[in-house]
Amino acid sequence: MTQIHSLMRGLAPLLGENPYRRETRDAYWQAGGYRDLSPDLLFNRIKAAGLRGRGGAGFPAATKVQAVRASGSVPVVVANGAEGEPGSVKDRWLMRARPHLVLDGMLRAADMTRAARCYVYVADDEAADSMRRALAEREPVVPTWIVRPEHTYVAGEETSAIRRINGGPALPAAKPPRPFEAGVDGVPTLVANVETLARIALLAARPGTPDSLLLTVSGRGLKPELVEAPVGTSLQALAYRVDRLDTPGVLMGGMFGGILGPGCLKTTLEPSALAAAGSALGCGAVHFLTAGECPVGLAADGLARLAAESSRQCGVCVSGTAALARTMASVVHGTAGQEDLASLTRWSQSLLRRGACGLLDAAANLASSLLRSFGPLTEAHLGAHLGARCTDCSADRAPDPDRFLAEPPTVRTTTHPVSAPR
Ligand code: SF4
């Protein structure tokens with residue numbers, strides 16, 4: 001079971017009072033939830049708070065809401081809890097333990113955008129059951145359905161959610177149009193991560209609520225922890241929490257934020273500081289390297305994972321992720337040369353923004369961040385005498401794409417378990 005911990009002073013607004021127990025509708029109401037609030041007032045609070053999406057790209061929430069609000073159509077809202085990133089458990093936990101916080105935020109998003117329908121898009125069985133019970137406990141004024149994708153990396157992409165809800169596969173689609181232009185059934189659709197929606201509910205209940213983040217903290221030999229931390233917490237505080245102050249590097253944001261190298265512990269978890277470090281919060285998954293663990297091996301395993309997760313719709317992604325993974329594996333094995341390093345450098349730039357979704361960008365970023373943060377170390381792996389240089393890598397080391405799994409989701413079946421009545 002995932003350990004849960006708060007770095008907040010006083011009450012942790014997202015974890016709530018008892019994070020190990022599912023919160024009922026009555027308990028949520030008693031804590032101040034579901035109270036009336038004008039949608040315009042809430043929108044202004046979201047804007048003033050500078051809330052950014054918590055699913056990956058970190059897009060400003062108010063901008064997204066406004067785009068759908070201004071569309072002139074009757075839109076749709078999708079609560080995205082698919083959580084395909086292998087190192088993340090925060091979204092499924094949020095829906096399992098605090099379903100009414102998510103539901104409240106989703107209904108307020110519907111109110112702000114004057115949406116006529118809502119969908120909860122969730123892969124994890126337990127989280128889906130919890131949301132289903134919440135919908136029974138408090139029947140929403142806006143018709144709402146639960147839609148289930150398979151648990152894959154790309155299922156969490158917002159265009160995958162649209163395709164799945166429209167009756168297709170949970171695979172990304174080319175943009176434009178973006179969902180806020182034409183989404184479910186072709187109407188403007190607000191797709192918002194479930195943690196983003198939970199923060200919207202908190203802004204409605206208590207405008208001065210401290211801004212916090214849900215993080216999944218993991219690493220070799222660590223039991224994964226779900227941590228609620230104030231925005232601006234340093235990586236050092238997290239490393240201290242899990243006894244990894246001697247970490248040689250950190251994989252940030254699932255794989256979206258790349259690998260940060262020595263000295264990264266001073267970096268704080270806020271968008272501008274992370275961007276200055278060449279990284280991003282992504283889904284909030286923070287993976288600490290353990291002393292002696294090689295970042296080149298970490299990058300090779302990450303690339304193997306991404307190559308395996310490619311939906312194989314874009315030729316450039318199929319060949320690009322495979323080439324990155326194969327070449328990084330050859331660096332780990334000690335069989336790569338300078339020309340391979342040059343190829344990695346070139347591909348990590350030329351593949352950016354070439355795929356229909358963010359997976360290919362994640363692969364390119366992973367390679368470029370390794371070369372930026374650990375260039376000399378990576379170069380030291382070249383040549384035939386690797387065994388003498390890196391104790392963590394070897395000529396027969398097999399890729400381990402599963403090393404990032406903080407907690408496998410509970411999924412009883414793999415093929416479209418529940419369809420939405422539409
Ligand atoms: S970039 Fe890759 S994962 Fe994304 S849609 Fe294209 S083939 Fe699929």
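As the structure is a prediction and not an experimental result, all values here were calculated from the model. (Residues numbered from 1 in each chain as written. Predicted model: local features only at pLDDT ≥ 70, side-chain atom pairs only at ≥ 80, totals over all residues. Heavy atoms only, no water.)

Asks: How should I be thinking about the overall build of the chain in this particular structure?
Replies: Broken down by element type, the chain carries 15 helices and 10 strands. Over its C-alpha atoms the chain spans a radius of gyration of 21 Å, differing by no more than 12% from the 22 Å that the globule rule assigns to 422 residues. Along the three orthogonal principal directions, the C-alpha set of the chain runs to about 65 × 45 × 40 Å. When burial is assessed residue by residue, the chain has 56% of its 422 residues classed as buried. Contacts spanning at least 24 positions in sequence make up 74% of the contacts within the chain whose residues lie at least 6 apart. As presented, the chain carries roughly 16,800 Å² of accessible surface, and 53% of it is formed by carbon and sulfur atoms. Between the averaged position of the 45 positive side-chain charges in the chain and that of its 40 negative side-chain charges there is a distance of 4 Å. (Helix = DSSP H or I, 4+ residues; strand = E, 2+ residues; numbered from the N terminus. Rg over C-alpha atoms; globule rule 2.2 N^0.38 Å. Buried < 20%, exposed > 50% of the residue type's maximum accessible area, 1.4 Å probe, protein only. Contact = heavy atoms within 4.5 Å. Areas by Shrake-Rupley, 256 points an atom, 1.4 Å probe, with all protein chains shown as cover. Lys, Arg positive; Asp, Glu negative; His and termini not counted. Charge placed at Lys NZ, Arg CZ, Asp CG, Glu CD.)

Asks: Honestly, the nonpolar core in this entry has me stumped. Any pointers?
Replies: Side chains that are nonpolar tend, in soluble globular proteins, to be buried together. Core analysis: the largest hydrophobic core is formed by 53 residues, its most contacted members being Ile46, Val77, Trp93, Leu94, Leu101, Leu103 and Met106. Leave out the neighbours within four places in its chain, and Ile46 touches Leu51, Ala61, Ala62, Met112, Ile200 and Leu203. Among the nonpolar cores identified, the runner-up in size contains 41 residues, and Ala299, Val316, Ala325 and Ala364 belong to it. (Core = buried A, V, L, I, M, F, W, Y, C linked by side-chain atoms within 4.5 Å.)

Asks: Teacher, can you tell me more about the site of the ligand here?
Replies: Taken together, Val154, Pro172, Ser310, Ser311, Arg312, Gln313, Cys314, Cys317, Gly355, Ala356, Cys357 and Leu359 are the residues near the ligand. Residue composition of the shell around the ligand, grouped by class: seven nonpolar, four polar and one charged. (Near = heavy atom within 4 Å. Nonpolar A, V, L, I, M, F, W, Y, C, P; charged D, E, K, R; others polar.)

Asks: Looking at this structure, how should I read the packing of helix H5 (residues 99-113) against helix H8 (residues 194-205)?
Replies: Helix packing geometry: the angle between the two helix axes and the distance between the axes. In contact at an axis separation of 7 Å, H5 and H8 are set at 80° when each is read in the N-to-C sense. Here H5 is positioned roughly perpendicular relative to H8, judged by the angle of their axes. Counted together, Leu101, Val102, Asp104, Gly105, Met106, Arg108, Ala109 and Met112 of H5 and Val194, Leu197, Ala198, Ile200, Ala201, Leu202 and Ala204 of H8 form the full contact between these two elements. Grouping the constituent residues of the contact of H5 with H8 by class yields 12 nonpolar, one polar and two charged. (Axes fitted to C-alpha atoms, helices over the stretch in contact; angles between N-to-C directions. Parallel < 35°, antiparallel > 145°, perpendicular 65-115°, else oblique.)

Asks: Can you help me understand the environment of Ser394 in this one?
Replies: Secondary-structure assignment places Ser394 in the segment after helix H15 (375-379). With relative accessibility at 26%, the residue Ser394 sits in the partly exposed group. Sequence spacing of Ser394 and Cys294 is 100 residues, and the spatial spacing of their C-alpha atoms is 11 Å.

Asks: Just checking my understanding: could you explain the pairing of strand E3 (residues 117-122) for this structure?
Replies: Working note: regular strand, side chains alternate between the two faces of the sheet. Here E3 lies mainly inside the structure; six of its six residues are buried. Here E3 shows two buried faces, one formed by Arg117, Tyr119 and Tyr121 and the other by Cys118, Val120 and Val122. Regarding the hand of the β-α-β motif, the stretch spanning E3, helix H6 (residues 125-137) and strand E4 (residues 144-147) is right-handed. (Right-handed = clockwise from strand over helix to strand, strands pointing away.)

Asks: Looking at this structure, I do not really get the packing of helix H4 (residues 90-97) against H5. What am I missing?
Replies: Closest axis-to-axis distance for the H4/H5 pair is 5 Å, and the angle between their directions is 100°. One element, H4, and the other, H5, form an angle in the roughly perpendicular class. Packed against H4, whose contacting residues are Leu94, Met95, Arg96 and Ala97, the element H5 presents Pro99, Leu101 and Val102 at the interface. Of the residues that constitute the contact of H4 with H5, the class distribution is six nonpolar, no polar and one charged.

Asks: I would appreciate a short explanation of the side chain of Arg98 in the present structure.
Replies: Within the secondary structure, Arg98 sits in the loop between H4 and H5. Judged by its relative accessible area of 7%, Arg98 falls in the buried class. At 3.4 Å, the side chain of Arg98 forms a polar contact with the backbone oxygen of Leu14. A distance of 3.1 Å separates a polar atom in the side chain of Arg98 from a polar atom in the side chain of Glu23. Apart from residues lying up to four places away in sequence, Arg98 is in contact with Pro13, Leu14, Leu15, Gly16, Glu23, Tyr28 and Trp93. (Polar contact = N/O pair within 3.5 Å; in protein donor to acceptor, adjacent residues only side chain to side chain.)

Asks: I would appreciate a short explanation of the sheet that holds strand E1 (residues 3-6) in the present structure.
Replies: Whether parallel or antiparallel, the strands of a sheet pair through hydrogen bonds between backbone atoms. Strand order in the open sheet formed by six strands is E1-E7-E6-E10-E8-E9, and the pairing between neighbours is mixed. The open sheet has two free edges, formed respectively by E1 and strand E9 (259-260), since each of these has just one partner strand. Where strand E8 (residues 250-252) lies against E9, two bridges are found, and the strand directions are antiparallel. Bridge pairing links Leu251 to Ile259 in E9. (Pairing = 2+ DSSP bridges.)

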